[in-house]
Amino acid sequence: MIKLIKIDEDSRVPKYKQIVDSILQNIANGNLKINQKIPSINSFSEEFYMSRDTVEKAYNILKERKIISSIRGKGYYITRTKLESKVNILFLINKVSAYKMKTYSSFINTLGANAHTDLHIYHCDETLFLNLLDKFEGAYDYYVITTHFKTDELKHLSFTDEVAKAIQKIPEDKLVLMDNIKLGMDGEIIKIYQDFENDIYNALKEGIAKISKYKKLILVYPEKAVYPYPRRILHGFRKFCVEHEINFEILSEVYDDMILKKGDLFITIEESDLVNLMKQIRDEEYVLGKDIGVISYNDTPLKELLGITVMSTDFNVMGETAARMILNKEKGQVKVPFNFIDRNSI
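Small disclaimer: the values here were computed from a predicted structure and weren't measured. (Residues numbered from 1 in each chain as written. Predicted model: local features only at pLDDT ≥ 70, side-chain atom pairs only at ≥ 80, totals over all residues. Heavy atoms only, no water.)

(A) Molecular detail of the overall build of the protein chain. A count of helical and extended segments in the protein chain gives 12 helices and 17 strands. Taken along the three principal axes of its C-alpha coordinates, the protein chain extends 80 × 40 × 40 Å. When each of the 346 residues of the protein chain is scored for burial, the buried share is 49%. Contacts in the protein chain between residues far apart in sequence, at least 24 positions, make up 68% of those at least 6 positions apart. Averaged over its 49 positive side-chain charges, the protein chain has a centre that lies 4 Å from the centre of its 50 negative ones. (Helix = DSSP H or I, 4+ residues; strand = E, 2+ residues; numbered from the N terminus. Buried < 20%, exposed > 50% of the residue type's maximum accessible area, 1.4 Å probe, protein only. Contact = heavy atoms within 4.5 Å. Lys, Arg positive; Asp, Glu negative; His and termini not counted. Charge placed at Lys NZ, Arg CZ, Asp CG, Glu CD.)

(B) Representation of empty space enclosed by the protein. Under the counting rule described, the total for this entry stands at two cavities of 30 Å³ or more. Here the largest cavity is characterised by a volume of approximately 200 Å³. As for the largest cavity, its lining consists of 22 residues, of which Tyr99, Lys100, His148, Asp179 and Gln194 are closest to the centre. Those elements giving two or more residues to the lining of the largest cavity turn out to be strand E4 (87-93), helix H4 (98-111), strand E9 (175-179) and helix H12 (315-327). Looking at which element gives the most residues to the lining of the largest cavity, the answer is H4, with three residues. Counting contributing residues per domain, the lining of the largest cavity is built from domain 2 (87-194 + 315-338) and domain 3 (197-312), each supplying no fewer than three. Lining the second largest cavity are Leu154, Lys155, His156, Tyr221, Pro222, Glu223, Pro228, Tyr229 and Arg231. Shared between two domains, the lining of the second largest cavity holds at least three residues of each, these being domain 2 (87-194 + 315-338) and domain 3 (197-312). (1 Å grid on protein atoms, 1.4 Å probe; cavity = no way out; pocket = protein on both sides within 12 Å on 5 of 7 lines; lining within 4 Å. Points joined across faces, edges and corners; volume = space filled by probe spheres on them. Domains from an automatic or database assignment.)

So, in structure tokens, the structure goes:
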């Protein structure tokens, strides 16, 4: 089998990628079959005068893509041969949430059988994000990435210098920036984005007829969230309230036993704040939508079921658009619709 592997010493393509590409090519040509044993890392290293680290990196990429597997004491074997006809995609998001998964589901459903997508979550952690990009360098046809990070003080960051450098290593024709494009990369790349400041500003303007009936507008913006939110949301909220001369307040959370007054209209971002607020409204026997209003940020099926008014990006459109642009090999940037959806809570 070792004779099937082709390594070009004069090529500028990294050696580990040449190993991956050569094995994939031999699978596509039918030279390698399911359950066929391939050389050990040591054998490969000695045959081609490579470091063990180089061969191990290639094998790890193939293992992540489930093309090979290792059996303790026996070696490495081919475990998949049908993947190579598909587009292989890394889908890298900052957290698991109902709306993030809605985007992911619409993405893979639009791609259908045309692609294989691996989902990874980096939990707004810069180190984990960088490790994942390094681990999967050169392993995929497309890299779909959202960039939301947190400081030690749990403040939101769109990117860091190290994150920017890592993303810039990805070839432009393989990069899809989704949700947050504050990174500001130019070139022939796909960008599917929210405009956090103007989205909330325009959504509130859309609901001004009902919002203006309330005496005070209160935004619950979590300052210490494990997964922080862009501060551009705050900027858009303040801009709306100042321009329309609306009495407003910004809280960091819905406090237990909070003072509620008739004429209050709350905007919640975190699910836990929404639940706490709804419970207090019920316990104090206020009438939702009449005495006290509630608007929630980002729609979910449960909010729809409960009749909660929302301001929300269309996450289905976000996923569908990214998938369509990949399938059609399109480039450019698309602003995702952000809607004010009026239900029964205001």
